[in-house]
Amino acid sequence: MHATDQLDPNNLTQAGSGRATTTLAIRERPSAWRRLLRDSKAIAGGIILLILIAASVGAPLLTSYAPEKQDIRNKLQAPAWQAGGDTSHLLGTDQLGRDLLTRILYGGRVSLFIALIATLGASILGIAFGVLSGYFGSFTDTIIMRLVDVQMAFPSILLALAVMVMLGTGIRNLVIVLAITSWVFFSRVVRADVLTIRHRDYVEAGRAIGATHWRLIWYYIAPNLVGTITVVATLTVARTIISEASLSFLGLGIQPPTPSWGGMLADGRGYLSVAWWIGTFPGVALMATVIAVNLLGDALRDVLDPQIDASEN
Amino acid sequence: MQRYIIRRLLHSVLVLFGVTLVTFMLVRLTGDPAAAMLGPEATPQDIAELRVSMGLDDPIFVQYGRYLEQLAHGDFGTSFLYGQPALGLVLERLPATFELTIAALVINLAVSFPLGIISAVKRDSIIDRLSAVFVFGSQAMPVFWSGILGIMVFAIMLGWLPASGRGGVKYLLMPGIVLGIHSAAYQTRLLRSSMLDVLGQDFVRTARAKGIKEFWVIVRHGFRNALIPVVTATGVQFAALMGGAVITETVFDWPGVGRLAVQAINNRDIPLVMATTFVFAVIILTVNLLVDLSYGVIDPRVRLD
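Residues numbered from 1 in each chain as written. Chains lettered and ligands numbered in written order. Predicted model: local features only at pLDDT ≥ 70, side-chain atom pairs only at ≥ 80, totals over all residues. Heavy atoms only, no water.

Enquirer: Looking at this structure, how should I read the interface of chain A and chain B?
Expert: Interface size, as often reported, equals the accessible area lost upon joining of the parts. Taken together, the 42 residues of chain A in the interface contact 44 residues of chain B. Surface buried jointly by chain A and chain B totals about 3900 Å² across both partners, of which 79% is contributed by carbon and sulfur atoms. Taken together, chain A and chain B are joined by 2 salt bridges. The salt bridge involving B:Asp253 is made with A:Arg269; its shortest N-O contact spans 3.9 Å. One can count 5 residue pairs in polar contact (both at pLDDT 80 or more) joining chain A with chain B. Broken down by secondary-structure element, the contributors of at least two residues to the side of chain A that touches chain B are helix 6 (138-152), helix 7 (156-167), helix 11 (226-249), helix 12 (261-269) and helix 13 (281-304) of chain A. Considering every element that reaches the side of chain A that touches chain B, the biggest residue donor is helix 13 of chain A, with 10 residues. Tallied by class, residues from the side of chain A that touches chain B come to 27 nonpolar, 9 polar and 6 charged. (Contact = heavy atoms within 4.5 Å. Buried area = accessible area lost by both parts, 1.4 Å probe. Salt bridge = Lys/Arg side-chain N within 4 Å of Asp/Glu carboxyl O. Polar contact = N/O pair within 3.5 Å; in protein donor to acceptor, adjacent residues only side chain to side chain. Helix = DSSP H or I, 4+ residues; strand = E, 2+ residues; numbered from the N terminus. Nonpolar A, V, L, I, M, F, W, Y, C, P; charged D, E, K, R; others polar.)

Quick look at the structure:
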C-alpha cells in the first residue's frame, strides 16, 4: 500500500546509475480520495448523507404506511413520546392523518432526486457556457457574462417563481427551473479557471501542433476543471435542496399530495399552535441533509483545493 | 473616477435593459396576457378582441419597443389584481421591504463582524468551533423554517412577539433576526478566512514588531484590509438578502414588495410581475454600483478608471 504513496525510486536512481540507495524519499501527496477519507468533515457529512439516502431509498422497508394515505380519524396525532401519541406513528400525523415519518422519508426521495438532476442540468449548461466564455473570450465572453449579470441582478427565487408560473408546476418543470437558476455559479467559476488554463504552455503546445478547439477543450483543459466542478456541484446540490423546498413552501414546487419537505412545512405553518411537529420534523430532515452535503462540499474544497470564491455559495 | 462612474452607470442601464427583455420575453412566450387578464370565464372572442386592442398581434419586437416606450414614461401598466398602476403599488410597499432588509443588515453586521474577527484571531478556539457550527447550521436552515420555529417559540409558546404583520419594533424584531442571522452565516465565514489571510501577512508582523497594541493591530491593520473581499461579495449577498426577504415576508405576512411579488406571480398579474422584478433589479444594481464605488474609499490603492 505504502509503495504507491512514494515516488517510484527507480526513476530517480536511473540517472545516477548504481547509486541505488539514493533515499530521496519524496512522499507524493496522498491521492485526493485518501485525503478525503482522513477528513473528519467528509466522514461526518458522508455518513449522515448515506444514512439519509438509505432511509429515503429504503422507505418502503422502513414504514408500512403509504405517504399519501389519509386517515382522518387519526389526524394531528402527537409524536409517540408525547401525551396523545403512540408508537404506531412515531413522529405523529399531519392534518389529514398521514404518518409524518413516512412522508418525511418519501419526501427525501423526491428532494434528493430533484436536487441531483437539477444540479446535473445546471452543471452541463454552466460548464458549456463557462468554457465557451473563457476559451473563446471577446464577443462570446461579453454576451455570456452580460447574461450572467442580468440573472445575478434579481433574486433567484423570484426568477424561479416567475418561470415556474409560466411553465406550470410539475417535477420536470421544477428541475428545469432549478437548473436555470444555478447554471451561473458553474459558468463563472469555470470561466475563471479556463482563463488561467488556456494560456499554459502545454495548451499552447497543443495548439501549435494543430489540435482543434474541440480537442484542446476536451483533452487539454477539461481534465483540469474536474476538481472545481466537483466542489461547485456539491455545494449546488445543497443550495438546490433549499431552493426546491422554498418553492414547494410557496406552493409552486412539488404539488400535493406528493410529499415534499417544503410543502409539509407550509402545511405545518397552519397548525403551529396545535401540532408543532408538522412544522418541525420536515425542517430537521431538510437541515440535516443540507448540513451533510455542505460538510462534504467543504471537505472536497479543502482536498481538491480549487480557488473557488466562496461567495458563489 | 468620473469616467469610471459613467461607464458603470452605462453598464447598469444595459443590464436593466436585459432584465426587461428577459422578463418581457418570458411573459410573452409562455402565455397569453389577454387570456390571463380576462380570467378563465372569457370567451375566445373576448380574448381575440382584447388581443387586438392590446396590440398583441403585432410582431414581438414591435411590442417590446412599445413596452420600453411605456417604461420610459414610468408606465408599467395596470395591475390586474388591484386595478391600480403597477409601479405605484410596488413603490408603496417599498418602505416596508427597506425596513426589513435594513433591520436584517444591522443584525447581520452585529453578528458576523465580531464573530468573524474573533474566530480568526482565536483560531481553533471554542469560539471558532461554535462559530463554525453556527455557520453550518444557519446556512442549512432556510428562512421559512427558522421563521416557523421563531413563530412557534416566541409568538405561540412564550407570547413575547406578534406572529405576523407590520407595526412597531415588536413586529420587526422576529423577521429581522430571522433574515439577518441567515445572511450572517456566509459573511462570518468570509470575514474569518479573509482575516486569517491578512493576519498572516508581513505588514501585520511589522505592526506588531513596532509595539502597537494587539487590539489596534487587529482593527486597523487586520480588519480594515480584511474588509475588501467582504465588501466585494456584498453585491451578490445583497441579491440573496432580497431573495430571502421575499420568503421572510411571506412567512410573516410582512406587507412588502416580496410578498407582493409572490402574490403577483401566483395570480399571473403580469404588469405587477414586471414592475416588481424591475424595481428589484434597480435596487440590486444600485447597491452593486455603490459597492464598486466604495472600493476607492476602503482601499486607497484602488484607482477607479
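Enquirer: Any chance you could explain the nonpolar core here in plain terms?
Expert: Considering soluble globular proteins, one finds that nonpolar side chains tend to be buried as a cluster. In this structure, A:Leu100, A:Ile104, A:Leu161, A:Leu247, B:Phe144, B:Met195 and B:Ile265 are the most contacted members of the largest nonpolar core, which totals 130 residues. Examining the composition of this core, we find that 16 residues originate from one element, helix 10 (residues 214-251) of chain B, more than from any other. Counting the residues that make up this core, at least three belong to each of domain 1 (16-72) and domain 2 (87-298) of chain B. Apart from the residues within four sequence positions on either side, B:Phe144 is in contact with A:Ala245, A:Ser246, A:Phe249, A:Gly262, A:Leu265, A:Leu286, B:Ile247 and B:Val251. Counting 19 residues, the second-largest nonpolar core is a separate cluster that includes A:Val131, A:Tyr135, A:Ile217 and A:Ala233. (Core = buried A, V, L, I, M, F, W, Y, C linked by side-chain atoms within 4.5 Å. Buried < 20%, exposed > 50% of the residue type's maximum accessible area, 1.4 Å probe, protein only. Domains from an automatic or database assignment.)

Enquirer: What should I look at first to understand the pattern of salt bridges in this one?
Expert: A side chain of one charge can pair with a side chain of the opposite charge if their charged atoms are brought near each other. Tallied over the entire structure, the rule returns 16 salt bridges over all chains. For A:Arg98, the salt bridge identified is with A:Asp94, shortest N-O distance 2.9 Å. Exposure remark for A:Arg98: the relative accessible area of 4% places this residue in the buried category. Sharing partners across several salt bridges, the network here consists of A:Lys41, A:Asp298, A:Arg301, A:Asp302 and B:Arg189.

Enquirer: Looking at this model, I keep getting lost on the confidence of the model for chain A. Mind explaining?
Expert: Parts of the model with low pLDDT should not have their predicted coordinates read in detail. All names here are of chain A. Summary statistics for chain A give a mean pLDDT of 83 and a share of 87% for residues scoring 70 or more. Here helix 1 (residues 9-13) stands out as the element of chain A with the lowest mean pLDDT, 43, in contrast to helix 5 (residues 100-136), whose mean of 93 is the highest. This stretch, residues 1-20, has a pLDDT under 50; its non-local contacts, to residues over four places away or in other chains, come to 14 contacts. Per-residue pLDDT stays below 50 along residues 309-313; that stretch engages in 14 contacts with residues further than four places along the chain or on separate chains. (pLDDT = per-residue confidence, 0-100.)

Enquirer: Before we go on, may I ask you to explain unusual backbone geometry in this structure?
Expert: What you tend to see is this: most non-glycine residues have negative phi, and most peptide bonds are trans. The omega torsion across A:Pro256 and A:Pro257 is 10 degrees, close enough to zero to call that bond cis. With respect to the helices, strands and loops of the structure, A:Pro257 is situated in the loop between helix 11 and helix 12. Even without glycine at this site, B:Asp124 takes up a positive phi of about 65 degrees.

Enquirer: Sorry, what's going on with helix 6 (residues 126-139) of chain B here?
Expert: The periodicity of an α-helix, 3.6 residues per turn, causes residues three or four positions apart to be oriented the same way. Taking 1.5 Å of rise per residue, the 14 residues of helix 6 of chain B would be expected to cover 20 Å, and the 20 Å separating its terminal C-alpha atoms lies within 8% of that figure. Among all positions in helix 6 of chain B, only B:Asp128, B:Ser131, B:Val135, B:Phe136, B:Gly137, B:Ser138 and B:Gln139 are buried. Residues of helix 6 of chain B that are buried sit in contact with helix 11 and helix 13 of chain A together with helix 5 (86-121) and helix 8 (169-199) of chain B. (Expected span 1.5 Å × (residues − 1).)

Enquirer: How should the packing of helix 5 of chain A against helix 8 (residues 171-197) of chain A be read in this particular structure?
Expert: The geometry of a pair of packed helices is captured by two quantities: the angle between their axes and the separation between those axes. Residue and element names in this part refer to chain A. Where helix 5 meets helix 8, the axes come as close as 5 Å, and the angle between the chain directions of the two elements is 40 degrees. On the basis of the axis angle, helix 5 is oblique to helix 8. When the axes of helix 5 and helix 8 are compared, the crossing they make is right-handed. Each residue belonging to the contact of helix 5 with helix 8 can be placed in one class, and the counts come to 20 nonpolar, 9 polar and 1 charged. (Axes fitted to C-alpha atoms, helices over the stretch in contact; angles between N-to-C directions. Parallel < 35°, antiparallel > 145°, perpendicular 65-115°, else oblique. Left-handed = near helix turned anticlockwise from the far one by under 90°.)

Enquirer: What should I look at first to understand the domain arrangement of chain B in this one?
Expert: Residues and elements named next belong to chain B. Structurally, chain B comprises domain 1 (16-72) and domain 2 (87-298). Contacts between the two partners involve 11 residues from domain 1 and, on the opposite side, 8 residues from domain 2. Its largest share of buried area at the contact with domain 2, domain 1 owes to Leu16, Val27 and Ala36, together 49% of the area lost on that side. Counting across the interface, domain 1 meets domain 2 through 0 salt bridges.

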